Amino acid sequence: MNDPKERITRLRDELNRHNYNYYVLNSPEISDRDFDMMMKELERLEREHPDLDDPLSPTHRVGSDLTQGFTQVVHERPMLSLANTYSIDEVDEWCTRVSDTLGGETPTLVGEMKFDGTSISLLYRHGRLIRAVTRGDGEKGDDVTTNIMTIKSIPLTLKGNNIPDEFEIRGEIVLPWDAFERLNRQRAIDEEALFANPRNAAAGTLKMLNPSEVSRRGLDAYFYYLIGDNLPADNHYDNMLQAREWGFKVSDSMTLLNSIADVDRFINYWADTRKTLPVATDGLVFKVNSLRQQLNLGFTAKSPRWAIAYKFPAERALTKLRYVSFEVGRMGVITPVANLEPVLLSGTTVKRASLHNADIVAQLDIHEGDMLYVEKGGEIIPKITGVDTAARNPDSQRVRFVTHCPACGTPLVRQEDEAAWVCPNKYGCTPQLIGRIEHYVGRRMMNIDGIGEENSRILFETGLINDIADLYTLTAEQLKTTGGFGNRTAERIIEGIEASKQVPFERVVYALSIPYVGETVAKKLARSVSDIDRLMEMSLEELTAIEDIGPRIAESIIEYFAVPLNREIIERLRSAGVRMSVDKIEGATRSDALAGKSIVISGVFARHSRDEYKELIELHGGKNVASISKKTDYVLAGDNMGPSKLEKATKLGIPIIDENRFLEMIGEKDFDTETLL
Ligand code: IVH
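The following paragraphs examine the structure supplied in this document. (Residues numbered from 1 in each chain as written. Predicted model: local features only at pLDDT ≥ 70, side-chain atom pairs only at ≥ 80, totals over all residues. Heavy atoms only, no water.)

Running from N to C, helix α20 (residues 551-562) and helix α21 (residues 564-576) point in directions that differ by 80°, and their axes come no closer than 5 Å. Comparing their axes, α21 and α20 come out roughly perpendicular. Across from Y560, F561 and A562 in α20, the residues of α21 making contact are P564, N566, R567 and I570. (Axes fitted to C-alpha atoms, helices over the stretch in contact; angles between N-to-C directions. Helix = DSSP H or I, 4+ residues; strand = E, 2+ residues; numbered from the N terminus. Parallel < 35°, antiparallel > 145°, perpendicular 65-115°, else oblique. Contact = heavy atoms within 4.5 Å.)

Now the structure itself:
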């Protein structure tokens, strides 16, 4: 592609998509390095072709992590990012440039770890935490004070001397390696998507709407930037030492550096030593120490000139390709997978790596038996980044992408603008049929206990079920005789199927496997449309009028409901008792579970509105009161509960319950404990 205009458009689209994956879905597809490289290429092209610049280009903004459900706060000083480089030479050049700008003065620098988490800004007044705000889009962030207060290493009140009346301190919220591994182990057991890296896990956790779950996950925080009018010292290093005295966690790695040679030594030392740290780091940061010099150097629109980040290269290994397999997903997408001679990489053995799609296979120009470079740049799934062409056998053939579905033989199709080849035989291709059953029963969907990947396959292959609606006619007897399941498993499966009839409508929408309707979109749809009959008859215009529903999603929904088989499955699910509309509070049962209890509601909730909670308290015999006193029995706390309320409740020893606990108390089953990420 030589046309710069086309390249620029392509890069912008790709970067926008990756930004969305990273900031909204917390699920990046590419490494930071690849992202940075694309961004740099786009920056260069826009510089060379100023006529093609666009104020809305991804180069003009810092990423955004804003989430609905949190109150937004404008940062008094914008939260910028850091200029970064992967080259030691460029760090050295930056040192020289800084020194030149300062008129030849050689500045003392501070070397620090670049913690790989999510940034946070804390505001303190009179030694007390006032609020905690995420970076957001740099200008404004989400108020996550309640969640931050669960992090034990963050001081809520400060100790020591020289504390300014008001100051801001910025740092990084991280999930230490051991907590990250524990969390992912549990998610694997629960069949939930794994977090790609501790950074995504930290960012996702910080945005959870349930502070007690946040508390369980074990976040930690390191601080690296003090801002205010009356700081104790005139340099960064001493200010951070003071902050440490006040109770903040400031990394021991912070070091004063007096020359380029010191900087290079610091880089060489940490290149390996960082692997012994309890938290993930993705590089080092160098800062000019003197605040006066910082002031002289100033900022660009995106980052301070007085600091630079050096990013560590991703770990890489070379191994031989055994063969490429082509796997069919539940939506029919064909994924090429490189099956490799096992190789050790950053502590784990790698045998398989996704090649993503045909474009990537073609770009890499992989031949049979090639020696491939594998990288694990902060992501869990390793990635093939290149071929050692010198080691190639000259007779070996180029790996060809399949033209027909490896499972059912149907010719593959490719949609315009999409990288993926797809098997269009949606209703006859076995891995797609099984994949949709597997998705339906999954924990985040209908959560049918006893059926996972393996049992979905058995149920299908033994002919017990052909589609998801058949689940509801299964008997324990059939499971035992035809399926070969034991007594206990059969019972468990039947119970799980029965319980799935209580799953909220939004999860049913997600469970249906409508292309492009993921968890978030399903929630949006269910909450704005509220029943399936309405959803089935909506036009493109009506669908796209819903927030975040674009034409591609809308078309996919219309196409899905146009298929008679899908409508028939929905009717069968409906008659089986699966929820096809949102649960109405009016239908809630009455009880005296809360008889005589005074309950204060505070914060924002995920499962019902505040008004609905008021109604529920009354339906169950309780009383909703406005403010906390000795007479309060419970505080029903959502997100962003005010710190003063939290403090008061804690002081008076009043139990604070989250919405799941509350719903449990009134006998509503706890299904949706996860977050609205
Ligand atoms: S200084 C105005 N120091 O890296 C610059 N940032 O790529 C303030 N980060 O948004 C940032 N470790 O989230 C600084 N020792 C460190 C850091 C650090 C990690 C993060 C931070 C920032 C991002 C920039």
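Further remarks concern the sheet that holds strand β9 (residues 255-257). Strand pairs in the sheet, formed through backbone hydrogen bonds, run parallel or antiparallel to each other. Spatial ordering of the open sheet is given by β2-β11-β10-β3-β9, a layout of 5 strands whose pairing is mixed. Edge strands, defined here as strands with exactly one partner in the open sheet, are β2 (84-85) and β9. With 3 bridges connecting them, strand β3 (residues 109-115) and β9 associate as antiparallel partners. Looking at the pairing, V110 lines up with L256 of β9. The sheet strands contacting helix α9 (residues 260-273) are β3, β9, β10 (281-288) and β11 (307-311), and the helix crosses β10 at an angle near 160°. (Pairing = 2+ DSSP bridges.)

Turning our eyes to something else, we now look at the pairing of β10. Most of β10 sits out of view: 8 of its 8 residues are buried. In this structure, β3 lies alongside β10, joined through 7 bridges in antiparallel fashion. Along β10, the bridge assignment pairs K114 with G283. One ladder, built from 5 bridges, connects β10 with β11; its direction is antiparallel. Following the sheet pairing, F286 is matched in β11 by I308. (Buried < 20%, exposed > 50% of the residue type's maximum accessible area, 1.4 Å probe, protein only.)

With respect to the secondary-structure elements, S513 resides in the loop between α16 (505-511) and α17 (519-529). Classification of S513 as buried rests on a relative accessible area of 4%. At 2.9 Å, the side chain of S513 and the side chain of R330 are in polar contact. Setting aside residues no more than four positions away along its own chain, S513 makes contact with R330, M331, R436, H439 and Y560. (Polar contact = N/O pair within 3.5 Å; in protein donor to acceptor, adjacent residues only side chain to side chain.)

Following the sequence through the fold, F401 ends up in the loop between β16 (383-387) and β17 (413-414). Residues F401 and V250, 151 residues apart in the sequence, show an inter-C-alpha distance of 51 Å. In this view, F401 contacts F326, I334, P336, N357, A358, V361, L412 and W421; residues no more than four positions away in its chain are not counted.

The subject of this paragraph is the nonpolar core. Ranked by size, the top nonpolar core spans 55 residues in total, and within it Y440, L471, L525 and L573 carry the most contacts. Setting aside anything within four residues of it in sequence, one finds L525 in contact with V509, V517, S530, L535, L543, I546, I549 and I557. One finds I154, L206, L209 and L226 within the second-largest nonpolar core, a separate group that totals 39 residues. (Core = buried A, V, L, I, M, F, W, Y, C linked by side-chain atoms within 4.5 Å.)

Around the ligand, 13 residues are found, and the nearest of them are E112, M113, E172, Y224 and K287. The separation between an oxygen atom of the ligand and a polar side-chain atom of K114 is 3.1 Å. Relative to its unbound accessible area of 530 Å², the ligand is 91% covered by the protein chains. If you list the elements that add at least two residues to the shell around the ligand, you get β3, β8 (220-227) and β10. With 4 residues, β3 is the single largest residue contributor to the shell around the ligand. A class-by-class count of the residues in the shell around the ligand yields 8 nonpolar, 1 polar and 4 charged. (Near = heavy atom within 4 Å. Areas by Shrake-Rupley, 256 points an atom, 1.4 Å probe, with all protein chains shown as cover. Nonpolar A, V, L, I, M, F, W, Y, C, P; charged D, E, K, R; others polar.)

What follows concerns the packing of helix α12 (residues 430-441) against helix α13 (residues 453-461). At their nearest, the axes of α12 and α13 sit 9 Å apart, and the two run at 125° to each other. Considering their axes alone, α12 and α13 lie oblique with respect to each other. Crossing hand, α12 versus α13: right-handed. Within the contact between the two elements, α12 uses T430, L433, I434, I437, E438 and V441 and α13 uses E453, S456, R457, F460 and E461. Among the residues making up the contact of α12 with α13, the classes are represented as 5 nonpolar, 2 polar and 4 charged. (Left-handed = near helix turned anticlockwise from the far one by under 90°.)

Counting across every chain of the model gives 17 aromatic pairs. Here the aromatic rings of Y560 and F561 are separated by 5.2 Å at their centres, their planes lie at 90°, and the arrangement is edge-to-face. Ring-pair connections join several aromatic residues into one group, and the members of that group are Y124, F167, F223, W246 and F248. Across from the ring centre of Y373, 3.9 Å away, lies the NZ or CZ of R316, which sits over that ring. (Phe/Tyr/Trp six-rings, centres within 6.5 Å; stacked < 30°, edge-to-face > 60°. Lys NZ or Arg CZ within 6 Å of the ring centre and 35° of its normal.)

Quick look at unusual backbone geometry now. Non-glycine residue D365 carries a positive phi angle of around 50°. By secondary structure assignment, the location of D365 is in the loop between α11 (358-364) and β15 (371-375). Relative accessible area serves as the criterion here: at 24%, D365 is assigned to the partly exposed category. Look at Y516: it is not a glycine, yet its phi comes out positive at around 70°. Accessibility expressed as a relative area gives 35% for Y516, which makes it partly exposed.

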